[in-house]
Amino acid sequence: MAKVKKAFFCKNCGHESAKWLGCCPSCGEWNTFVEEIVSKPATSALGINNSNSKALLINDIDISHESRLNLNSVEINRILGGGLVCGSMILVGGEPGIGKSTLSLQIALKCPDIKTLYVSGEESAQQIKIRAARLGSNDAQCYILSETLLETIIMQAKELKPDILVIDSIQTLYTERIDSSAGSISQIRDCAMQLLKFAKETNTPVFVIGHITKDGTIAGPKVLEHIVDVVLQFEGDSNHAYRILRATKNRFGSTAEIGIFEMQNTGLREIENPSEILISQHNDLSFSGVAIAATMDGVRPLFIETQSLVSTAAYGVPQRSTTGIDVRRLNMLLAVLEKRAGFRLAMKDVFFNITGGLRISDTAADMAIISSVLSSNFDVPIPVSSCFCAEVGLTGELRPVSHINQRIGEAARLNFKKIFISRYSKLEDKPPVNIEVISVAKIEELMKILFGKN
Ligand SMILES: Nc1ncnc2c1ncn2[C@@H]1O[C@H](COP(=O)(O)OP(=O)(O)OP(=O)(O)O)[C@@H](O)[C@H]1O
Ligand SMILES: [Mg+2]
C-alpha cells in the first residue's frame with residue numbers, strides 16, 4: 001500500500017512544513033497550521049510557456065493581438081479597467097448568497113457573441129438553467145458543465161475553446177494530483193495554479209469564484225490572491241438589494257473604481273446614478289435628524305443620507321448604536337461635540353443609521369454625522385437641499401477632504417442648493433453657479449449657521 005504522506009500547511013499563506021508550528025515562519029501568523037494528506041508532489045512548477053520559453057526584448061513583444069473583451073456591461077467593464085483582458089484570471093469573492101453565481105452567469109448570458117463555459121461544482125445543470133431562465137437568457141453561447149474534477153474541466157475547456165471560462169467555485173474543485181479533500185489549502189493552491197497555466201497558455205480569461213471566511217477574507221491560502229490578476233469583492237448587505245462590486249487588486253486597471261448593482265428578480269441591474277437612489281425622496285418635506293453626506297468611494301462620488309435619533313436615556317448608561325459606520329467613529333464625534341461645543345450627551349441615547357445598507361469609511365461624512373445628531377437633538381430639520389462634506393478633527397475644527405471639486409460638481413448636478421465644506425479646502429476650479437458653497441471652520445460656527453445656537 002502506498003505510504004500516506006502528510007504535511008502541515010499554513011491557512012494564511014500556504015507555507016508547507018513537515019511538523020506543526022505555532023507561528024508561521026513565512027507570514028508570521030499564529031495558529032494557522034492544518035494537517036493535510038499529500039501523497040504526490042503538492043507543488044508543481046508553474047511553467048506558463050512550457051520549456052520552449054525564451055527571453056525577448058521588451059520592444060519586440062507584440063501586443064497588437066492583446067485585446068480586451070467587451071462584457072456588455074458598463075459597470076463591469078469599468079471595474080476591470082476597460083474590458084476583460086484575454087488570458088487574465090479574475091477571482092470573485094463575497095459572502096454566501098450575495099450573488100456571485102448570478103453575477104458570473106449574467107456576464108456569460110449578456111454577451112451573445114462570446115462563447116463561455118460555465119463550470120459549476122455547487123449546482124446541477126438544471127439548477128443553473130432555472131437561474132438562467134430567471135435572468136432572461138436569449139441567444140447566449142453559454143455552455144454549462146457540472147463537474148468538480150479539474151482535469152476533466154481543463155480537458156473539456158481545451159476541446160470547447162471558450163472565450164471565457166467561469167469556475168464556480170474554486171473551493172469545490174479537486175485535482176487527482178493531490179489526495180487531500182476538495183477545499184483544502186493544497187487543493188485550492190494546486191487547482192488555481194493549473195487554471196492559471198490554462199489561462200496563460202490558451203489566452204482564455206478565467207473567472208474564479210471564491211468563498212470567503214468569517215472575517216471576510218477569501219478562503220484558502222493568501223497565495224491565491226497573489227497569483228490571480230484581478231480580485232473582485234462583491235459586497236453589500238444581503239438583506240438589502242444594493243450590491244457593490246470593487247476591485248481590491250487589478251493588474252490592468254485602477255482599484256478605485258466601484259460598480260453598484262441592485263438585485264432584482266431578473267438579476268443584477270446596474271445603477272448608474274447611485275446617489276439619486278440612496279437619498280430618499282422627501283421632496284420639500286424635511287425631518288429632523290437627517291443630513292446628506294457628500295462621500296466618495298474610490299473615485300466615485302456617493303451621496304448618502306445619514307440619520308440620527310437622539311433621545312433621553314432610559315437607563316443609567318446611554319446607548320450608542322450605529323449601522324453603516326464604525327461605532328467608535330460616532331463615539332469620537334460625540335466626544336468632540338461634548339468637549340468642543342459644550343453639547344451634553346451623557347444622558348442621551350444616540351442611534352445612527354446610513355440608509356440603503358451601505359457601509360461608509362470616508363471621513364468626509366463626519367460633518368453630516370454631527371449635523372444629523374445636532375438636528376435630532378434640537379429637533380430642527382436641516383433643509384434637504386443642503387449637503388455636507390468635511391472631516392471633524394479632535395479639536396473641533398472642520399478639516400478639508402480630497403476631491404472637493406468633484407464632490408461640489410456632483411452636488412450641483414444632483415440639484416443641491418448649498419454645500420458645507422471646510423474653510424481650509426482648496427478649490428482648484430470655480431464652483432458651479434447653481435450651488436452656494438458655504439465654508440465653515442469650526443463646529444460652533446456650523447451650529448450657529450444651521451440652528452442659530454452658540
Ligand atoms: N427570484 C429572485 N428574486 C430576487 N432575488 C433573487 C431571486 N432568486 C435569488 N435571488 C437573489 O440571489 C441571491 C443568490 O444569488 P447567488 O446564488 O448568485 O449567490 P452566491 O453568492 O453564488 O451564493 P453561494 O455562496 O451560495 O454560491 C439570493 O440571496 C437573492 O438575494
Ligand atoms: Mg453560488
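From a predicted model like this one, the values you see are computed outputs, not experimental measurements.

Asker: When you look at the nonpolar core in this model, what are you seeing that I'm missing?
Answerer: For soluble globular proteins, nonpolar side chains are generally found buried alongside one another. The biggest cluster of nonpolar side chains holds 44 residues, and the ones touching the most others in it are L330, L337, V373, F388, F420, I443 and L446. The biggest single contributor to this core is helix α9 (residues 366–378), with six residues. Two domains each put at least three residues into this core: domain 2 (69–272) and domain 3 (277–451). Non-local contacts of F388, meaning those with residues more than four positions away in its chain, are made with A291, I292, A293, A294, A364, M367, A368, S371, I382, F420, L446 and L450. Counting 32 residues, the second-largest nonpolar core is a separate cluster that includes I76, V92, L105 and I114.

Asker: I tried to follow the domain arrangement of the chain on my own but got confused; where do I start?
Answerer: Reports of interface size often rely on the accessible area that becomes lost once the parts have come together. According to the domain assignment, the chain contains domain 1 (1–39), domain 2 (69–272) and domain 3 (277–451). Computed from C-alpha coordinates alone, the two centres of domain 1 and domain 3 are separated by 49 Å.

Asker: Is there a simple way to think about the site of ligand 1 in this case?
Answerer: Near ligand 1, the surroundings consist of 15 residues, among which G97, K100, S101, T102 and R131 are the closest. At 3.0 Å, a backbone N or O of G99 approaches an oxygen atom of ligand 1. In the environment of ligand 1, an oxygen atom lies 3.4 Å from a nitrogen or oxygen atom belonging to the side chain of R243. In the complex, the protein chains occlude 65% of the 650 Å² of accessible area that ligand 1 would expose alone. Those elements giving two or more residues to the shell around ligand 1 turn out to be α2 (100–109), α3 (125–135) and β13 (258–264). It is α2 that provides the largest number of residues to the shell around ligand 1, a total of three residues. Classifying every residue of the shell around ligand 1 gives three nonpolar, six polar and six charged.

Asker: Any chance you could explain the sheet that holds strand β3 (residues 33–37) here in plain terms?
Answerer: Two strands in a sheet stick together by hydrogen bonds in their backbones, pointing the same way (parallel) or opposite ways (antiparallel). The strand order β2-β1-β3 describes an open sheet built from three strands, whose pairing is antiparallel. In this open sheet, the two edge strands, each paired with only one partner strand, are β2 (16–17) and β3. Two elements, strand β1 (residues 6–10) and β2, share two bridges in a ladder whose sense is antiparallel. Following the sheet pairing, F8 is matched in β2 by S17. Against the sheet, helix α5 (residues 185–202) touches β1, β2 and β3, its axis set at about 75° to β1.

Asker: Teacher, can you tell me more about empty space enclosed by the protein here?
Answerer: Any empty space left between atoms is shown by rolling a water-sized probe over those atoms. Applying the stated criterion across every chain yields a total of one cavity of 30 Å³ or more. One number sums up the size of the largest cavity: a volume of about 40 Å³. In this structure, the largest cavity is lined by V290, A291, I292, I382, P383, V384, S386 and F388. Listing elements by their share of the lining of the largest cavity, those giving two or more residues are β15 (290–297) and β19 (386–389). Among the elements that make up the lining of the largest cavity, the one with the highest residue count is β15 (three residues). Classifying every residue of the lining of the largest cavity gives seven nonpolar, one polar and no charged.

The rules behind the values
- Residues numbered from 1 in each chain as written.
- Chains lettered and ligands numbered in written order.
- Predicted model: local features only at pLDDT ≥ 70, side-chain atom pairs only at ≥ 80, totals over all residues.
- Heavy atoms only, no water.
- Core = buried A, V, L, I, M, F, W, Y, C linked by side-chain atoms within 4.5 Å.
- Buried < 20%, exposed > 50% of the residue type's maximum accessible area, 1.4 Å probe, protein only.
- Helix = DSSP H or I, 4+ residues; strand = E, 2+ residues; numbered from the N terminus.
- Domains from an automatic or database assignment.
- Contact = heavy atoms within 4.5 Å.
- Near = heavy atom within 4 Å.
- Polar contact = N/O pair within 3.5 Å; in protein donor to acceptor, adjacent residues only side chain to side chain.
- Areas by Shrake-Rupley, 256 points an atom, 1.4 Å probe, with all protein chains shown as cover.
- Nonpolar A, V, L, I, M, F, W, Y, C, P; charged D, E, K, R; others polar.
- Pairing = 2+ DSSP bridges.
- Axes fitted to C-alpha atoms, helices over the stretch in contact; angles between N-to-C directions.
- 1 Å grid on protein atoms, 1.4 Å probe; cavity = no way out; pocket = protein on both sides within 12 Å on 5 of 7 lines; lining within 4 Å.
- Points joined across faces, edges and corners; volume = space filled by probe spheres on them.

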